[in-house]
Amino acid sequence: MPSKSTNIIIAGCGIAGPVLAIFLKMKGYEPVVYERLDRPTEHGLSLCLQPNGLRVLSLIPEIVPKIVGMQLEKLRFVSTLTEDDGLLAESDAPAALAEMFGNGMMGAHRTTLNRTLVEVAESYGVKIVWGHQLVALQQGSENVQVTFANDATDTASFVVGCDGLHSNTRISLFGDEKADFTGLTQTGGLSPTPAALAGAPAMTNFYGNGAHLICYQISSTHTSWAITLQESEEKESWHAMDKEHKKSIQEGPFSKWGYGAGELVATADKIVKFGLYDRPQLETWHKGRVLLLGDAAHPTSPHLGQGANQAFEDIFHFVRLLVQHNPSIESPSVEVLSTIFSELEEIRIPRTAELVMKARKQGESRVLHSVPACEARNNAVRAMWKNEEVLSAGYKDLYSNPFMPGRNEI
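So, here's what we can say about the structure. None of these values were measured; they are calculated from a predicted model.

So, how was this worked out
- Residues numbered from 1 in each chain as written.
- Predicted model: local features only at pLDDT ≥ 70, side-chain atom pairs only at ≥ 80, totals over all residues.
- Heavy atoms only, no water.
- Pairing = 2+ DSSP bridges.
- Helix = DSSP H or I, 4+ residues; strand = E, 2+ residues; numbered from the N terminus.
- Axes fitted to C-alpha atoms, helices over the stretch in contact; angles between N-to-C directions.
- Buried < 20%, exposed > 50% of the residue type's maximum accessible area, 1.4 Å probe, protein only.
- Phe/Tyr/Trp six-rings, centres within 6.5 Å; stacked < 30°, edge-to-face > 60°.
- Parallel < 35°, antiparallel > 145°, perpendicular 65-115°, else oblique.
- Left-handed = near helix turned anticlockwise from the far one by under 90°.
- Contact = heavy atoms within 4.5 Å.
- Nonpolar A, V, L, I, M, F, W, Y, C, P; charged D, E, K, R; others polar.
- Salt bridge = Lys/Arg side-chain N within 4 Å of Asp/Glu carboxyl O.

1. Comments concerning the sheet that holds strand β10 (residues 144-148)
One key point about sheets: their strands pair by backbone hydrogen bonds, in either a parallel or an antiparallel sense.
Line of reasoning, step 1. Taken together, 3 strands build an open sheet; the order of strands is β9-β10-β11 and the sheet is antiparallel. Either end of the sheet is taken by a strand with one partner, and the two such strands are β9 (134-139) and β11 (153-156). When strand polarity is set aside, the average angle formed by the axes of neighbouring strands in this sheet is 25°.
Line of reasoning, step 2. For β9 and β10, the ladder comprises 5 bridges, and the chain directions are antiparallel. Residue pairing across strands places Gln138 opposite Gln145, the latter belonging to β10.

Next comes the structure, spelled out in structure tokens:
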């Protein structure tokens, strides 16, 4: 086992932090996860675990069966445009993906998933410290001292920031910078699954004039949904809106959409609204003994559903390189860490930068104004889902990473 000096501090106990901690514990390190909140968050809606992310999670024994979620079987694309109303395309892609890539797509309630990951991490002996927000880093030749907002301190061989879009680790390394508002907001909730959307679990995209709604089942009874609009900037608070604002949404035009979409809007217990942000691309994700992963390094808008999945890809490659370059599991030198971090960046920065841009473009293409523009979009959706060659190439590009089934190196 490594000496005490091989402790690793992970900032953030959201989705990525506990998963990284489990992998490090499995490899003989002693990770400690520090989280600014006092307990696991109750905010957030859902996320879609996709083949690349599930493939990484499946390397942790028995974790995937513990995840509460819904295996999706279909994709549907529906127009609510008066001039072009109805089903645009339907695909069995999610079911086919399981055969092609070893895993399919799973809709999951974010807070339930977070609690599961925390419980699994603790079952592996990972120490999680709540109510500690990282505010400063002091790097030495052999370790890093972390200071928290409550004046507590801790020291580790190295630090990994998994603390999300508003990462204090990133600020401590590279200074404060303004997150880029994409020009889009989302309003969403969790609702009983309407009869029109029951049956084979599906992810459904509804296209309107100036609005887009995506939804998918997260359990046998409930569906998560989110409406994307072009609006003025809205901060990412995740707090439920007040009764008056909620009523205006639930009695507004989106509640009149057909095919089950309106019923989702009208029946949600609570509704949240938040702006969609990304950040300028970093040229490096590390400085000295401190590294950024996941949204702390490359936050993205949600339109490809790849945020958490890309964080898991980061984790896979980081652990792989750590095992390769530090087989002794003793505290690595700055030079060894530089090699690990730099090789990670060489692999991951180009891929994540490309996906951040694709996600932003996807969001922009979904929210179009004017009937002609919307009709052209609808026709493009129809054509795309008839082109098997293009679809196959897209699946391969997105889901064959970070390794193919049976070929992992950790």
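2. Observations concerning the pairing of strand β7 (residues 105-109)
Here is the key point about a regular strand: its side chains alternate between the two faces of the sheet.
Line of reasoning, step 1. For β7, the buried fraction is high: 4 of the 5 residues fall into the buried class.
Line of reasoning, step 2. Relative to β7, strand β3 (residues 46-49) runs antiparallel, the two being bridged by 4 bridges. In the strand pairing of β7, Leu49 is matched with Met106.
Line of reasoning, step 3. When strand β4 (residues 69-72) meets β7, the two strands line up antiparallel, connected through 4 bridges. The partner of Gly69 across the bridge, within β7, is Ala108.

3. A look at the sheet that holds β7
Line of reasoning, step 1. Within the open sheet, the 3 strands sit side by side as β3-β7-β4. Their pairing is antiparallel. Both outer strands of the open sheet, β3 and β4, are each paired with one neighbouring strand and no more. Neighbouring strand axes in the sheet, compared pairwise and without regard to direction, differ in orientation by 25° on average.

4. Describing the packing of aromatic side chains
Line of reasoning, step 1. Scanning the model with the defined rule gives 10 aromatic pairs in all.
Line of reasoning, step 2. Seen in terms of ring centroids, Phe158 and Phe318 are 6.1 Å apart; in terms of plane orientation they differ by 85°. Their pairing is edge-to-face. Linking Phe158 in strand β12 (residues 158-161) with Phe318 in helix α9 (residues 307-325), this pair joins segments that are 160 residues apart in sequence.
Line of reasoning, step 3. With a centroid separation of 5.5 Å and 50° between ring planes, the pair formed by Phe181 and Tyr277 is classed as tilted. Taken together, the residues Phe181 in strand β13 (residues 180-192) and Tyr277 in strand β17 (residues 271-278) connect sequence positions 96 residues apart.
Line of reasoning, step 4. Looking at Tyr277, the relative accessible area reads 9%, which means it is buried.
Line of reasoning, step 5. Three or more aromatic residues link up through ring pairs in this structure, and these residues are Phe101, Tyr395 and Tyr399.

5. With respect to the packing of helix α1 (residues 16-26) against α9
Line of reasoning, step 1. Close contact between α1 and α9 brings their axes to 10 Å; oriented N to C, the two are set at 25°. The orientation of α1 with respect to α9, classified from their angle, is roughly parallel. For the crossing formed where α1 meets α9, the hand is right-handed. Side by side, α1 and α9 meet where Ala16, Val19, Leu20, Phe23 and Leu24 of the first sit next to Ala311, Phe312, Ile315, Phe318, Val319 and Leu322 of the second.
Line of reasoning, step 2. Residues that form the contact of α1 with α9 fall into these classes: 11 nonpolar, no polar and no charged.

6. Section: the pattern of salt bridges
Line of reasoning, step 1. One pass over the full model with this rule turns up 14 salt bridges.
Line of reasoning, step 2. With a shortest N-O distance of 3.1 Å, Lys273 and Glu231 are connected by a salt bridge. With Lys273 in strand β17 and Glu231 in the loop between β16 (222-230) and α7 (243-250), this pair connects stretches of sequence that are 42 residues apart.
Line of reasoning, step 3. Asp278 is the partner of Arg360 in a salt bridge, and the nearest nitrogen-oxygen pair spans 2.7 Å. Within this pair, whereas Arg360 is found in helix α10 (residues 334-366), its partner Asp278 is found in strand β17, the two being separated by 82 residues in sequence. Here Arg360 and Asp278 have matching classes, each one buried.
Line of reasoning, step 4. Through salt bridges with shared partners, a single network forms among Glu313, Asp314, Arg348 and Arg351.

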